[in-house]
Every structure is written in structure tokens, then in C-alpha cells.
Amino acid sequence: MEVNKKAYEAYVKEVTPVNKKLPNIIKAFLVGGIICTIGQICTTLIMNQGVEKDTASAWTTLILIAASVILTGLNIYPKITKFGGAGALVPITGFANSVVAPAVEFKAEGQVFGIGCKIFTIAGPVILYGILSSWILGVIAYVLKAFGIV
Amino acid sequence: MQVGKASIKFEEPPVIESMASIVGKKEGEGPLGKLFDVVEQDDMFGADTWEKAESALQKQTADLAIEKGDVRKKDIRYLFAGDLLGQLIATSFGTVDLEIPLFGLFGACSTMGEALNLGSMTVAAGYADKVMAMASSHFATAEKQFRFPLGYGNQRPFSSSWTVTGCGAVILTKHRKEGIAAITGITTGRMVDMGIKDSMNMGAAMAPAAFHTIQQNFDDFNIDENYYDKIITGDLGRVGRTILLDFMRNKGHDLENIHTDCGIEIFDPDSQDTHSGGSGCGCAASTLCSYILPKIKDGTWKRVLFVPTGALLSTVSFNEGETIPSIAHGVMIEHIEN
């Protein structure tokens, strides 16, 4: 072909429509904000029952995960993410969605090779690299403390 | 007769004597909704897995084409069929009960073009009196294989397409005076790779392949766009169409008014949220058998160049950072004067 690949790539970029950033950022802020507010309401209500903050946070996390699991099962969570983008992907509810969705999808392939092998296809990298980066940061913190820098 | 570099002109053009199209609910709600033979409201097609659903879709469509054409199953000598799934499981499981000798084809979304190319060659050469060409795709099986589980929430870019749940089947028969339409020639595509890596912009990957095949068809037959009433690509979508028209314009061909794309015709992007358009083998196949062939039959269009386009990527090649090589097969379909 006479058009070279670099020029074609630039041309394709030019003719491909892209998402409008500002409305997306506002939607993400709204959805993410609403999810976090619901979480805060849960924590406050639980703490009002005389539960300690750490325990109340754990319960809040559980409630949000359960809500996301149910909404994924009812096919509502994908609609929320479609509207809210990262606002719905980043909170714990998005993580729960990424675990439940493959579990539902691959159920037909069996308990072991279906659900067992595929459940973490999306969340797996987050878990692996999340643990790895926490470990690296832990080592850095340990070294800095040992030398009395922090 | 061999023509030019990559084409065949049939002295005795094979004739399409029957066609059938079955689609899912969403396709039924689209602009072509009323034209399909059957709109199945149950996307599972009565099966318990998505893959079995697609197989059932193929079986039903093949049966319907046989029934509509009033053809005996045993008279169909070969079946040329394919789908998008690994190892062609929708086709291999779906066509067991047909008991017709099978050539399973993979040309990604260009499969209907490949099936028509091979089917018409087989019939024209006298190796079969009747053959069937068929291709299917299913939104859920394709999403599962190529993208994300259905329940996973994510945002799709505007350049992405929506895999059609649908199947189209035609029965080709040796040359005669009556039928739905005649296949007068073919131009077989070759691999074209312009270095596009974005699997969410397959229109951009496939447009150069469509351009190449259309240009080859013009060169081989020594014709241009004025020969055709319509040039219809498979699933370039809106982004791909823009690119194809630009490429053709640079070569001095204005396709603005005679080009359309099955992916653009099958969905309404504003009300159906399908972004760039429909895609999948079933997109070109079901549009051919519901919208294009009837228009050729009634003479609205006398000559059509049907060009299904395929992006030949896999999840492995994509993850390994490879580009998306593409292909497009041209089929010259013409009106039969009675």
C-alpha cells in the first residue's frame, strides 16, 4: 500500500470520534461520589449503634460488595458503569463486579475450569500487582524507618 | 473464467435460489427488523449455553433456507459455513444434524463472502448442483471470547462495534433463468495489514482491506463505480466507511452515494447504543438475506458488489501486541431479468 503505516495511524486518529472528557469527568465524579456517600452513611449508621470505627468500616465494605454482587446479577451494575465510567469502576463495588461477572459468565464451563479458573481473569492482575506494589512500598517504608528518615 | 489478478467471471453464473435470515431481539428492533424472516425474542434460542444458542441459530436458519427454497436436503452437495468462535464450534455443533458435507470456514466477519466465493466457484465448475453458504455470530459468544463477560461494567469507545446476533444462509444452484439473484463474478481478498492495533476500532483495521478488494475488482474487470448500483461492505461501521470513502476518493472514485455498510444499516446508533455499527459474520450474512437480496430480486438494484470484511485477530495475537490483519471478499451479485 502506498500510504505508510505511521501516516495511516495518525489519519485514523483524526477520523475516529473520541469521548468528550468534561461530561465524563462530571459523571464519574457524581457516580463515584454517590457510592462513597452511601458508604459513609453505612459507616455512620453502624457506628451510631455503638460499633467501633474499624469494625463499622469492615461492615460497610461487606455491604457495598453485596450490593454490587446483587446489582451485577440483575445486570444493573454494567449500566451504572456505562454511565459513570471510572466513578463506578474504581470503588470496591467495581472490583466486586469484575469478580462476579466472569463467575456468572463461565459457570457453564463448570465449577473448576469455569468459575474456578476464570473468576479472577479481570481482577487477577489487580490482586497480583496490588499485593506486589504494597510489598514494595512496605520494604521502602521499612528501610526508611530503619535509617530513621521517617 | 479467470479475470485479472484475483477475480473470476462466471460464464454461467450460479443462482441464489433460496435465502433465510434469523436474528436476535436487538437486531429485530433495528431499522431492518421487519425484513428478517425470524426475530427470535429469546437470545438463548432455547439452549442452556450461549455457544449452543449460536449452534441452534445456525441449524434453524439452514432449515429455513431449505424449507423456503423447497429444496431437498440431500440435493445440497456441500455446505460452506463458519462463525467467529474458536475451532468453529457454533458451525460444527450446529450443522451435525444437517448431514451435508461441510467445509468449515474462518474469515472472521468476512466469512459470508468467503462462503459465497467458494460456493459459487464449486457450483460454476460443476462440482455441485446445489450448495449452501452460511455464516453466524452471536453477541454473547463473541463478547465472551473476544472482550469481557456480559455482566462486567465498562465503557465502550465510539469506534467500537456491536456484534450482531444473527445468521444468514443462501442456497446456490447451477445457472438457470429464474431465482433471487445471480453471482456473476468474485474477487477474492488478500490479507492487508496497515498496522492498526486497537481491537476497539476494527473499522479502521478493515477499511484498507475493503479498499484493496474493491480496487482489485475494478482493475480485474476493467470497470469502475459506475458499473454498480450499490457497493455494500460488511461491517466497517461509521469510522471504516469514512476511511474507505477517503481512500477511494484519492484514487478518483466517488463512492459517497453508492456505498453502504451492513453494520451501518442493521442498527440505529442513537436509539440502540451500538456506536460505530454492527459487526460479526452474522451482520453481513443476515443483512444480505433480508435487505440486499430482495432489493436485487425486485430490480431496485441491478448490480451490487457485496464485500464482507473480516478482522483476523485473536485474543492471543492481541495480547502479544500484534496488529490486526484484515481481509475482504468481493461478490458480484446481479438482478435476473425474467
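All values reported here derive from a predicted model rather than from experimental measurement.

### Section: the domain arrangement of chain A
Per the domain assignment, the segments of chain A are domain 1 (19–119) and domain 2 (123–150). Taking the mean C-alpha position of each, domain 1 of chain A and domain 2 of chain A sit 26 Å from one another.

### Looking at the pattern of salt bridges
Within this structure, the stated rule accounts for 18 salt bridges over all chains. Across the salt bridge formed by Lys 130 of chain B and Glu 17 of chain B, the nearest N and O atoms sit 2.6 Å from each other. Residue Lys 130 of chain B is located in strand β7 (residues 130–137), and its partner Glu 17 of chain B is located in strand β3 (residues 15–23); the two are separated by 113 residues in the primary sequence. Of the two residues examined, Lys 130 of chain B and Glu 17 of chain B, each falls in the buried class. Linking Glu 337 of chain B and Lys 302 of chain B is a salt bridge whose minimum nitrogen-to-oxygen distance equals 3.4 Å. Within this pair, whereas Glu 337 of chain B is found in the segment after β17 (330–334), its partner Lys 302 of chain B is found in the loop between α10 (281–297) and β14 (303–307), the two being separated by 35 residues in sequence. The structure contains a network of salt bridges with shared partners spanning Glu 109 and Lys 118 of chain A together with Glu 51 and Lys 144 of chain B.

### Overview of the pairing of β3 of chain B
Residues and elements named next belong to chain B. Of all the nine residues making up β3, nine are buried; the element is thus mostly covered by neighbouring parts of the structure. Alignment of β3 against strand β9 (residues 166–173), held across eight bridges, turns out to be antiparallel. Residue pairing in the sheet places Ile 22 in a bridge with Cys 167 of β9. Across two bridges, β3 lies against strand β10 (residues 181–187) in antiparallel orientation. Bridge pairing in β10 links Ile 16 to Ala 181. When β3 meets strand β4 (residues 38–39), the two strands line up parallel, connected through two bridges. Its bridge partner being in β4, Val 23 is matched across the sheet by Val 39.

The rules behind these values
- Residues numbered from 1 in each chain as written.
- Chains lettered and ligands numbered in written order.
- Predicted model: local features only at pLDDT ≥ 70, side-chain atom pairs only at ≥ 80, totals over all residues.
- Heavy atoms only, no water.
- Domains from an automatic or database assignment.
- Salt bridge = Lys/Arg side-chain N within 4 Å of Asp/Glu carboxyl O.
- Helix = DSSP H or I, 4+ residues; strand = E, 2+ residues; numbered from the N terminus.
- Buried < 20%, exposed > 50% of the residue type's maximum accessible area, 1.4 Å probe, protein only.
- Pairing = 2+ DSSP bridges.

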